[in-house]
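Take a look at the letters that make up each chain.
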Amino acid sequence: ELVNVYYPNGSLKYSDSTPQDVALKTIVGDLNGDGFENEFVRGDDYQGDNFLVYNETGFIFEPSDDLGYAQDIVIGDFDGDGNNDEIAVVSNDYYVHVYNTTDGIIWDQMWNNTGMFSDIINEITILDINSDGVDDIGVTISESDNVSVIYGDNGSFVWNIDPGEGAHTIVGADIDNDGFNN
């Protein structure tokens with residue numbers, strides 16, 4: 001499976017053959033803080049890589065850890081520095097992994113919540129559950145239908161509930177009009 005990046009006129013800018021299989025999800029963001037959303041993250045399915053990060057010139061990062069396939073990916077500010085320069089990846093090993101960068105090139109794992117969940121995570125979303133300006137993460141769990149919220153800066157539980165059947169998606173909204181999606 002190739003990654004092809006095109007100019008607006010349809011001409012090819014670059015092509016990369018690093019990915020091993022079909023992309024489950026691709027998201028775009030400003031991961032290096034230059035003011036342009038010209039970096040993107042691609043999560044491969046179960047036959048492929050963990051996740052791959054690209055910028056305007058090509059492939060730049062793949063984690064050395066075997067995360068399994070990237071079930072879902074979000075970009076957020078999990079360290080509270082005011083920049084959306086972290087990637088949260090849900091892998092098929094029931095973990096949430098958060099990676100941080102300061103320049104868009106060098107990436108370090110901030111944390112992962114090994115063993116916190118006992119089933120596949122369907123989806124993750126960005127919330128600020130405690131209104132502190134640091135993004136937190138909402139997750140839905142496949143078989144148990146649970147919904148959980150974890151702190152974005154360290155991966156610890158805020159709460160975990162079972163709302164009944166069918167908890168397959170989660171969103172954050174400012175339902176109390178305090179300016180935060182919690």
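Now for a description of the structure that goes with this document. (Residues numbered from 1 in each chain as written. Predicted model: local features only at pLDDT ≥ 70, side-chain atom pairs only at ≥ 80, totals over all residues. Heavy atoms only, no water.)

What about the packing of aromatic side chains?
Item 1. All chains considered together, the criterion is met by seven aromatic pairs.
Item 2. Both rings, one in Phe51 and one in Phe61, keep their centres 6.1 Å apart while their planes meet at 55 degrees; by these two values the pair is tilted. Of the two residues, Phe51 sits in strand S5 (residues 51-55) while Phe61 sits in strand S6 (residues 58-61), which places them ten residues apart along the sequence. Both residues of the pair, Phe51 and Phe61, count as buried.
Item 3. Ring centres of Phe51 and Tyr99 lie 5.3 Å apart, and the angle between their planes is 65 degrees; this geometry places the pair in the edge-to-face category. (Phe/Tyr/Trp six-rings, centres within 6.5 Å; stacked < 30°, edge-to-face > 60°. Helix = DSSP H or I, 4+ residues; strand = E, 2+ residues; numbered from the N terminus. Buried < 20%, exposed > 50% of the residue type's maximum accessible area, 1.4 Å probe, protein only.)

So, the side chain of Asp85
Item 1. Residue position: Asp85 is located in the loop between strand S7 (70-76) and strand S8 (86-91).
Item 2. With residues near it in sequence (within four places) discarded, Asp85 still touches Leu31, Gly76, Asp79, Tyr99, Asn100, Thr101, Thr102 and Trp107. (Contact = heavy atoms within 4.5 Å.)

Topic: the side chain of His97
Item 1. Along the chain, His97 falls in strand S9 (residues 96-101).
Item 2. At 3.3 Å, the side chain of His97 forms a polar contact with the side chain of Gln109. (Polar contact = N/O pair within 3.5 Å; in protein donor to acceptor, adjacent residues only side chain to side chain.)

A short note on the environment of Tyr14
Item 1. Locating Tyr14 in the fold gives a position in strand S2 (residues 12-16).
Item 2. As for Tyr14 and Val3, which are separated by eleven residues in sequence, their C-alpha atoms are 8.2 Å apart.
Item 3. With residues up to four places along the chain from it excluded, the contact list for Tyr14 reads Val3, Asn4, Val5, Phe40, Tyr54, Asn55, Glu56, Thr57 and Gly58.
Item 4. A distance of 2.9 Å separates a polar side-chain atom of Tyr14 from the backbone oxygen of Asn55.

Examining the pairing of S9
Item 1. Within S9, six of the six residues are buried, leaving the element largely enclosed by the surrounding structure.
Item 2. Here S9 shows two buried faces, one formed by Val96, Val98 and Asn100 and the other by His97, Tyr99 and Thr101.
Item 3. Looking at chain direction, S8 and S9 are connected through five bridges and run antiparallel. When the sheet's bridge partners are listed, Val89 is paired in S9 with His97.
Item 4. With five bridges connecting them, S9 and strand S10 (residues 107-112) associate as antiparallel partners. Considered in S10, the bridge of Val98 is made with Trp111.
Item 5. In textbook terms, the turn of a hairpin is the stretch between consecutive antiparallel strands, and for S9 and S10 this stretch comprises five residues, one of which, Gly104, has a positive phi near 85 degrees. (Pairing = 2+ DSSP bridges.)

Examining the pairing of strand S12 (residues 136-141)
Item 1. Within S12, six of the six residues are buried, which leaves it mostly tucked inside the rest of the structure.
Item 2. Every second residue of S12 is oriented toward a common face, with Asp136, Gly138 and Thr140 on one face and Ile137, Val139 and Ile141 on the other, all of them buried.
Item 3. Relative to S12, strand S11 (residues 121-127) is paired through six bridges, and the arrangement is antiparallel. The residue of S12 that forms the bridge with Thr125 is Gly138.
Item 4. The pairing of S12 with strand S13 (residues 147-150) spans four bridges and is classified as antiparallel. When the bridges of S13 are listed, Val139 appears paired with Ser148.
Item 5. With antiparallel pairing between neighbouring strands as the criterion, S12 and S13 make up a hairpin whose turn holds five residues, including Asp145 at a positive phi of roughly 60 degrees.

Digging into a negative patch on the surface
Item 1. On the surface, Asp79, Asp81, Asp132 and Asp153 cluster together into a negatively charged patch.
Item 2. Inspection of the secondary structure puts Asp79 in the loop between S7 and S8. (Patch = residues over 30% accessible without salt bridge, like charges linked within 9 Å, V, L, I, M, F, W, Y side chains within 5 Å. Areas by Shrake-Rupley, 256 points an atom, 1.4 Å probe, with all protein chains shown as cover. Salt bridge = Lys/Arg side-chain N within 4 Å of Asp/Glu carboxyl O. Lys, Arg positive; Asp, Glu negative; His and termini not counted. Charge placed at Lys NZ, Arg CZ, Asp CG, Glu CD.)

Quick word on the sheet that holds S8
Item 1. Taking strand neighbours across the sheet as the criterion, the four strands line up as S7-S8-S9-S10 in an open arrangement whose pairing is antiparallel. Each end of this open sheet is capped by a strand with a single partner; those strands are S7 and S10. Ignoring which end each strand starts from, the neighbouring axes of this sheet average 25 degrees apart.
Item 2. Here S7 runs beside S8; their pairing, made up of six bridges, is antiparallel. (Axes fitted to C-alpha atoms, helices over the stretch in contact; angles between N-to-C directions.)

In short, geometric facts, not functional conclusions.
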